[in-house]
Amino acid sequence: MLKKILIGLVVVVGGFFGFAATRPGTYRVERALKIEAPAAVVFAQLDDMKAWAAWSPWDKLDPQMKKTFDGPAKGVGAGYAWQGNDKVGKGKMAVTDSQAPTQIKYRLEFIEPFAAVATTGFALAPDGDKAVGVTWSMAGTNDLMGKVFGIFMDMDKTIGADFEKGLLGLKDVSETEAAKQVAAAAAAAKAQAEAAATAAKAQADAVVAAAAAEAAAVPKGKAKGKAKN
């Protein structure tokens, strides 16, 4: 009897893994959103690993997440490692390609709760000078365990939901920063105009004062003589 049970278990397990082996060997998750901000403003949030904390959906899942940064502050080679609760796990990410302000790619390595490597990145399509379409994507391959995992979790729905939250956060941060820059530029232009007006008035006042001083320096008799001539 025990032997039959064991044989049955082997058949079931074998069948399950056989089914898992037929699952797709690759995956791709992609979400897009239009952001009302210049492409350069949005790109600055993506190129700086420390800026991710302001909009990343995973930082919201674990505000106490520990991070360590390495490499340059921005551009190719910039990266960080994280370790957090069971919702964010442990892993690391680094910039592998940076083409400001239209494209940036990263190597993403998950360590816990499962080991996997993926390529993720953002494609930015400027729409004029004040808006940009942002597409966030992630792609990778599934080994057997990855295929088994995929049976119980829909990667597109799970990661896709995080991407949607992250893009909304990126939109909020970028549009706020763009508004600040517009306000700062307007304030600078106003200050420059006021300074120019002040300088022009000072110059005009100086001309009038010089003319008055010159007139005051001419003797009265000589001035009358000039008037007769």
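To start, this report covers the structure provided alongside it. None of these values were measured; they are calculated from a predicted model. (Residues numbered from 1 in each chain as written. Predicted model: local features only at pLDDT ≥ 70, side-chain atom pairs only at ≥ 80, totals over all residues. Heavy atoms only, no water.)

**Some details on the nonpolar core**
For soluble globular proteins, nonpolar side chains are generally found buried alongside one another.
Now for step 1: Counting 36 residues, the largest nonpolar core has Val42, Leu46, Tyr106, Phe122 and Val134 as the members making the most contacts within it.
Now for step 2: Broken down by element, this core gets its largest block of residues, seven residues, from helix α5 (residues 155-217).
Now for step 3: With near-sequence residues (within four places) excluded, Val134 lies in contact with Arg31, Ala32, Leu33, Ile35, Val42, Phe122, Ala123, Leu124, Leu167 and Leu170. (Core = buried A, V, L, I, M, F, W, Y, C linked by side-chain atoms within 4.5 Å. Buried < 20%, exposed > 50% of the residue type's maximum accessible area, 1.4 Å probe, protein only. Helix = DSSP H or I, 4+ residues; strand = E, 2+ residues; numbered from the N terminus. Contact = heavy atoms within 4.5 Å.)

**Here we look at the sheet that holds strand β3 (residues 79-83)**
Now for step 1: Taken together, seven strands build an open sheet; the order of strands is β1-β7-β6-β5-β4-β3-β2 and the sheet is antiparallel. Because the sheet does not close on itself, it has two edges, and the strands there are β1 (26-35) and β2 (66-70). This sheet shows a mean twist of 20° between the axes of neighbouring strands, independent of strand direction.
Now for step 2: As paired strands, strand β5 (residues 103-112) and strand β6 (residues 116-126) are joined by eight bridges and run antiparallel to one another. Counterpart to Tyr106 in the pairing with β6 is Thr120.
Now for step 3: Along the sheet, helix α2 (residues 39-47) contacts β1, β4 (90-99), β5, β6 and β7 (132-141); its crossing angle with β6, the most-contacted strand, is approximately 165°. (Pairing = 2+ DSSP bridges. Axes fitted to C-alpha atoms, helices over the stretch in contact; angles between N-to-C directions.)

**Here we look at α2**
Now for step 1: Burial analysis of α2 places seven of its nine residues in the buried class, the great majority of the element.
Now for step 2: Along α2, the positions that sit buried rather than exposed are Ala39, Val41, Val42, Phe43, Gln45, Leu46 and Asp47.
Now for step 3: Close packing links the buried residues of α2 with β1, β4, β5, β6, β7 and α5.

**Section: the packing of aromatic side chains**
Here a ring pair, both rings aromatic, is described through the centre-centre distance and the interplanar angle of the planes.
Now for step 1: For the coordinates displayed, the defined rule picks out 13 aromatic pairs.
Now for step 2: Centroid distance Tyr106 to Phe122: 6.2 Å. Interplanar angle 85°. Geometry classified as edge-to-face. One end of the pair, Tyr106, is in strand β5; the other, Phe122, is in strand β6, and 16 residues separate them in sequence. In terms of burial, Tyr106 and Phe122 fall into one category: buried.
Now for step 3: Linked through ring pairs, Trp52, Trp55, Trp58, Tyr106, Phe122, Trp136 and Phe163 together constitute an aromatic cluster. (Phe/Tyr/Trp six-rings, centres within 6.5 Å; stacked < 30°, edge-to-face > 60°.)

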